[in-house]
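Architecture and fold: a report
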Amino acid sequence: MGRKVIFMTSIPFMEQHITDMYIKEISLQFKIEMWDLSKIYKCKDNVDNTYAESKKVNSLEELDSNLLNACATDAVIVITNILNLYLGTIFETVKKHDLQICCINKESFNNWLFEQGAFKYRKYYNWKARLQAMAIHFPITEYVLHQRQFGKYKYDYLLASQNYYKMQCREFIKIHHIKYDESLAANSKERTIQEKYILFIDGAASAHPAFKDRYNSLNHRDYLSEINKYFDFVEEHLHLPIVISAHPKAMYKDDDFGGRPIYVGMTAELIHNCEAVISHYSTSLVNVVLEYKPLQIVYYEDMLKSSFRGSMVMGLEFAELCGANICSLESPDKWNMEVNKQGYMNFLKKHVYNEEKMNDSNAVLICNGIEKIFDDEVLKNAKK
C-alpha cells in the first residue's frame with residue numbers, strides 16, 4: 001500500500017497554492033492528488049491562473065466516494081489550507097474515513113496579527129466587531145471566542161513556524177514560515193527589471209472580491225488616485241521608479257497605476273531585486289524581512305473604516321513587530337529607506353525560523369513532518 005497526500009482547498013487551486021503548500025516538493029516523495037472543493041464551498045472567486053491538474057469535487061457525496069476509493073489503495077492523509085472556522089463543512093465526511101487532517105497555511109499568522117491590533121483600532125469598527133475586539137483583549141472572553149472558532153473542528157496536525165492558537169490542532173509540527181523557501185529560491189531567478197526600482201506589493205484594497213461591492217468598500221477610483229499621488233511623491237524625492245506586484249485577483253487595467261508596470265505572480269523575485277518595498281499588507285512581507293529590504297506600510301484613514309480594515313490592521317501591526325516605517329498618506333513624510341536590523345532579526349526568530357533546523361529547507365521539514373504523520377498512523381493501527 002502506497003502513501004498518498006490529498007490536498008484540498010475551498011477555492012480553485014492557483015499557482016500560489018502550489019508554492020505555499022509545497023505541493024511540488026511533497027510530490028517528489030509521496031503520491032499526491034489536488035482536490036478543488038470550490039463547488040462544495042460555493043466559491044464565486046474569479047481566478048485567472050487556476051491550476052489545471054486539480055480534480056473538481058462537486059458535492060459531499062462525491063467527496064465521500066472519492067475518499068473511499070483513495071483509501072482502498074493507499075494510506076491517505078489530507079493536507080488543507082481551509083481555516084478551522086470553515087473546516088466543519090467537510091470535517092465529518094473526512095473523519096468518516098478515519099483520516100488525519102493536516103494544515104499548511106498562512107492564515108493563522110494573519111489572524112493573530114489582526115487580533116493583536118484589533119483592540120488598538122477598535123474605534124473604526126462597527127459595534128459587533130468592536131465587541132469582538134474587546135473580547136479578544138481579555139483572557140476569559142478570548143478563550144470562549146477561540147473555543148468557538150477553533151475548538152470543535154481541529155486539525156490533527158498543524159505545520160507552521162508558530163502555533164498562535166493552542167486549541168486549533170491536536171499536534172503542532174514546527175517548520176519555518178511557508179515563505180522561507182520561496183524567498184531563498186528568488187536568489188537564483190534572473191533579474192526581470194534591469195534598472196533600480198521600489199516595489200509596491202498590492203493587497204487589492206479596492207479590487208479584491210472579498211473587499212469590493214460591500215457597503216463599506218473603498219471607492220476604487222479614489223483609492224487609485226490616493227496611492228498614485230503618493231507614488232508620484234516618492235518617485236520625486238527618491239528618484240527611483242515604482243513598479244507594481246499586483247494581487248492575482250485584482251484584475252487591474254494597464255493604466256490604473258499611472259502607467260507604471262504591473263506584474264503578477266513574481267513577488268518573491270521582485271522583492272529580491274528591489275531597493276525597497278511599499279505595501280498595505282501581504283504575507284509576502286515576510287520575504288521582505290527575510291531579504292532585509294527597507295519596508296514602508298502606507299494607509300489613509302478611510303482604509304481603516306472600510307472592508308479592507310482587517311488587512312490594514314495586519315499591515316500596521318506587522319510594521320510595529322519588525323520596526324518598519326509607517327506612513328499616513330494624509331501627511332506623507334520623506335522616507336529614508338532605513339532598515340531596523342534588530343527589529344527584523346527579532347521578528348525572524350519569533351515568527352519565521354525554526355532555529356533548531358536552520359540547516360534544513362522548509363521542504364525537508366515539511367516532508368519529514370508528513371513522514372512522521374504516516375508513521376504515527378501505522379503505529380496507531382498496529383496497536384488496535
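Structure shown above.
Residues numbered from 1 in each chain as written. Predicted model: local features only at pLDDT ≥ 70, side-chain atom pairs only at ≥ 80, totals over all residues. Heavy atoms only, no water.

We now examine unusual backbone geometry. The phi dihedral of Met251 is positive, around 55°, even though this residue is not glycine. Judged by its relative accessible area of 47%, Met251 falls in the partly exposed class. In this structure, Tyr292 is a non-glycine residue whose phi angle is positive, near 55°. Along the polypeptide, Tyr292 turns up in the loop between helix 11 (285-290) and strand 12 (295-299). (Buried < 20%, exposed > 50% of the residue type's maximum accessible area, 1.4 Å probe, protein only. Helix = DSSP H or I, 4+ residues; strand = E, 2+ residues; numbered from the N terminus.)

Take the sheet that holds strand 6 (residues 155-160) next. Hydrogen bonds between backbone atoms are what pair the strands of a sheet, whose relative direction is either parallel or antiparallel. Ordered in space as 3-2-1-4-5-6-7, the seven strands form an open sheet in which the pairing is parallel. Unpaired on one side and paired on the other, strand 3 (55-56) and strand 7 (169-174) mark the two borders of the sheet. As paired strands, strand 1 (residues 2-9) and strand 2 (residues 31-36) are joined by six bridges and run parallel to one another. Bridge pairing in strand 2 places Thr9 opposite Asp36. Of the strands in this sheet, strand 1, strand 2, strand 3 and strand 4 (74-80) touch helix 3 (residues 60-73), which is tilted by about 135° from strand 4. Of the strands in this sheet, strand 1, strand 4, strand 5 (100-103) and strand 6 are in contact with helix 4 (residues 84-95), which crosses strand 5 at around 155°. (Pairing = 2+ DSSP bridges. Contact = heavy atoms within 4.5 Å. Axes fitted to C-alpha atoms, helices over the stretch in contact; angles between N-to-C directions.)

Here helix 3 crosses helix 4 at 35°, and the two axes come no closer than 9 Å. The two elements helix 3 and helix 4 meet at a crossing, and its hand is right-handed. In contact with Leu60, Leu63, Asp64 and Leu67 of helix 3, helix 4 contributes Thr89, Ile90, Thr93 and Val94. Tallied by class, the residues present in the contact of helix 3 with helix 4 amount to five nonpolar, two polar and one charged. (Left-handed = near helix turned anticlockwise from the far one by under 90°. Nonpolar A, V, L, I, M, F, W, Y, C, P; charged D, E, K, R; others polar.)

As a further point, take a nonpolar patch on the surface. Among the surface-exposed residues, Trp127, Leu131, Met134 and Phe138 lie close enough to one another that they form a single nonpolar patch of about 470 Å² accessible area. Tracing the backbone through its elements, the reader meets Met134 in helix 6 (residues 127-137). According to the relative accessible area criterion, Met134 is partly exposed, its value standing at 34%. (Patch = residues over 30% accessible without salt bridge, like charges linked within 9 Å, V, L, I, M, F, W, Y side chains within 5 Å. Areas by Shrake-Rupley, 256 points an atom, 1.4 Å probe, with all protein chains shown as cover. Salt bridge = Lys/Arg side-chain N within 4 Å of Asp/Glu carboxyl O.)

Our focus in this paragraph is the pairing of strand 8 (residues 198-201). Of the two faces of strand 8, the one carrying Ile198 and Phe200 and the one carrying Leu199 and Ile201 are both buried. A crossover connection joins strand 8 to the parallel strand 9 (residues 242-246) through helix 9 (residues 220-238); in handedness this β-α-β unit is right-handed. For strand 8 and strand 11 (residues 276-279), the ladder comprises four bridges, and the chain directions are parallel. Note that in strand 11 the partner of Ile198 across the bridge is Ala276. (Right-handed = clockwise from strand over helix to strand, strands pointing away.)

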